[in-house]
Amino acid sequence: MSDLDEVITALAHHLHAAQHVTVLTGAGISAESGIPTFRDAQTGLWSQFDPEELASPAGFARNPGLVWRWYAERRIKACAAQPNPAHYALVDLAKMVPKLTLITQNIDGLHQRAGSQDVIELHGSLHRARCMADGTVHTTWDYDEELPQCPDCGALLRPDVVWFGEYLPVAALEAAYTATLDCDVFFSIGTSGVVEPAASLPRIALSRGATVLILNLEQTTAARPPLFTIHGKAGEVLPRLVSTVRRLRA
Ligand code: BV8
């Protein structure tokens, strides 16, 4: 049995016994849907910009048209993308355990399109815009407008995402902490673990005695329970894990 088989089997038993599974995802879970990860080298026009510069209040204040063009392109790419087997594996897993809480750093909406419910969006969504004057949130706006305006008051709209240096939505962050503190299994999938406060969630889960899986392209396969790491593609590993849990339940 390979290391990976052993880790998957061990994890499947933990999932089979789990009362509450909490999952944190990052850009890596959408990579196999063709959406570049947040730190993939920016391509084309965007290769000359630092994403952390564009995704900031200062960047938007400096050049709102440029930032809106970046988000418009990412929104179009997200709409054209399809959820991949990793997104669907989490939908299946949610049906196999008493409770699953899904927390995402992603703004592409692919978890919801795959069928996941009650997704906690820590960093907002490409599919919403917010009025700069009164904070009202809109799910449609004039997509052809370089500087979209609020349909209610005409003020400038901004993407309804959390930029660097901005506070996360309080309700979302509180729900994420509650689910992290309560769970007995915590998955961190496809995130470089760089951006705070999301990056602290796996450590908090581990400190509370949860079994933790870090699934990423950059880690190596190792099992030092209760921390498991798998080096692999989410779209390949998660479906294998879920089918192993399904066999245990049969
Ligand atoms: C805040 C929306 C309070 C916009 C994003 C300590 C405490 C608190 C704050 C800080 C702190 N230290 C520093 C800070 C400030 C900052 C921060 O964390 N900076 C970092 C860069 C050090 N944090 C903040 O500003 C946050 N606000 O804390 O408020 C505050 C306020 C003022 C002053 C101080 C504190 C707000 C952060 C939110 C920023 N917005 N997104 C947008 O998307 O345009 S974050 C952005 O990065 C994306 O959401 C992305 O999801 C997120 C994290 O990146 P990842 O998802 O991990 O993506 P990445 O590309 O990095 O990695 C992908 C991984 O997938 C890779 O490891 C790759 O190997 C792997 N992978 C690839 N393919 C696959 C795969 N894995 C599996 N399968 C595959 N097929």
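Data block above holds the structure.
Because the structure is a prediction, the values reported are computed rather than measured.

Here is what the cut-offs are and how they apply
Residues numbered from 1 in each chain as written. Predicted model: local features only at pLDDT ≥ 70, side-chain atom pairs only at ≥ 80, totals over all residues. Heavy atoms only, no water. Buried < 20%, exposed > 50% of the residue type's maximum accessible area, 1.4 Å probe, protein only. Helix = DSSP H or I, 4+ residues; strand = E, 2+ residues; numbered from the N terminus. Polar contact = N/O pair within 3.5 Å; in protein donor to acceptor, adjacent residues only side chain to side chain. Salt bridge = Lys/Arg side-chain N within 4 Å of Asp/Glu carboxyl O. Core = buried A, V, L, I, M, F, W, Y, C linked by side-chain atoms within 4.5 Å. Pairing = 2+ DSSP bridges. Contact = heavy atoms within 4.5 Å. Axes fitted to C-alpha atoms, helices over the stretch in contact; angles between N-to-C directions.

Examining helix α6 (residues 85-94)
Thought 1: For α6, the full list of buried residues reads A86, H87, A89, L90, V91 and L93.
Thought 2: For α6, the capping residue at the N-terminal end is N84, with a side-chain oxygen 2.7 Å from the backbone nitrogen of A86.

Quick notes on the pattern of salt bridges
Thought 1: All chains considered together, the criterion is met by 9 salt bridges.
Thought 2: Across the salt bridge formed by E196 and R203, the nearest N and O atoms sit 3.1 Å from each other.
Thought 3: For E196, a relative accessible area of 43% corresponds to the partly exposed category.

Description of the nonpolar core
Thought 1: If you look at the biggest cluster of nonpolar residues, it comprises 32 residues, and the most contacted ones within it are F187, I189, I230, L238 and L241.
Thought 2: Mapped by element, the contributors of at least two residues to this core are α1 (3-17), β1 (20-25), α6, β2 (99-104), β7 (185-189), β8 (211-216), β10 (227-231) and α10 (234-249).
Thought 3: Within the second largest apolar cluster, 21 residues are counted, among which are A55, L110, L157 and W163.

A word on the sheet that holds strand β5 (residues 137-138)
Thought 1: Strand order in the open sheet formed by 3 strands is β5-β4-β6, and the pairing between neighbours is antiparallel. Looking at strand neighbours, the two that pair on one side only are β5 and β6 (157-161), the edges of this open sheet.
Thought 2: The strands touched by helix α5 (residues 64-80) within the sheet are β4 (124-131) and β6, with β4 carrying the most contacts at an inclination of about 140°.

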